[in-house]
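Residues per chain, in single letters:
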Amino acid sequence: MGQIYKYNRTVISKIYRFELERRKYLNLDVGLGAIPIIADLNNDKQPELIIGSDSGLMYSFELDLEKAGSINWKPSPEYFKELKLPVGGNPVFVDLDNDGDLDLIVGSEAGTLYYFRNTGRLLLNMRIVNRKTNE
């Protein structure tokens, strides 16, 4: 199952424990291989939650700042709607081209690395870079 579980940390006699609060967190089931990543995709100084899956789909969520006191997420713009990611993709975000925004690297089950350059300013706009020409 590709579900996210939410745990809360508790301290009992100076010992940290994690207790399951909710199964199927965010009511999301992405199929097999849920891969959660935290990154600031749009440079707003707030983290986004990105969840990848074996199906090649990715989902993004932003903090719901209206619900103070705990961390809550709400769906964010469909940043990855147009991307065709490989089956078994494992996403990682890093600024590879040193332009101040996060680019996407996806490893596949076949062992291929895919590089998506973030070319957007306000919203994420990524395109795949040809491995041979770097364009």
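Thresholds, definitions, all that
Residues numbered from 1 in each chain as written. Predicted model: local features only at pLDDT ≥ 70, side-chain atom pairs only at ≥ 80, totals over all residues. Heavy atoms only, no water. Core = buried A, V, L, I, M, F, W, Y, C linked by side-chain atoms within 4.5 Å. Buried < 20%, exposed > 50% of the residue type's maximum accessible area, 1.4 Å probe, protein only. Helix = DSSP H or I, 4+ residues; strand = E, 2+ residues; numbered from the N terminus. Contact = heavy atoms within 4.5 Å.

Engineer: Quick rundown of the nonpolar core? Include the residues and the values.
Structural biologist: Ranked by internal contacts, the top residues of the largest apolar core, which has 15 residues, are Leu41, Ile50, Met58, Phe80, Leu85, Phe93 and Leu104. Taken together, the elements giving at least two residues each to this core come down to strand S3 (35–39) and strand S8 (103–107). Looking at this core, the element that brings in the most residues is S3, giving three residues. Formed by six residues, the second largest nonpolar core is a distinct cluster that contains Ile4, Tyr25, Leu49 and Phe61.

Engineer: Could you give an account of the environment of glutamate 62, naming the residues involved and the relevant values?
Structural biologist: Mapping glutamate 62 onto the fold places it in strand S5 (residues 58–63). For glutamate 62, a relative accessible area of 22% corresponds to the partly exposed category. Counting along the chain gives 12 residues from glutamate 62 to isoleucine 50, while the straight-line C-alpha distance between them is 8.9 Å. Other than its neighbours up to four places away in sequence, glutamate 62 contacts Pro47, Glu48, Asn72, Trp73, Lys74, Pro75, Ser76 and Pro77.

By themselves, these are just geometric observations and shouldn't be taken as functional.
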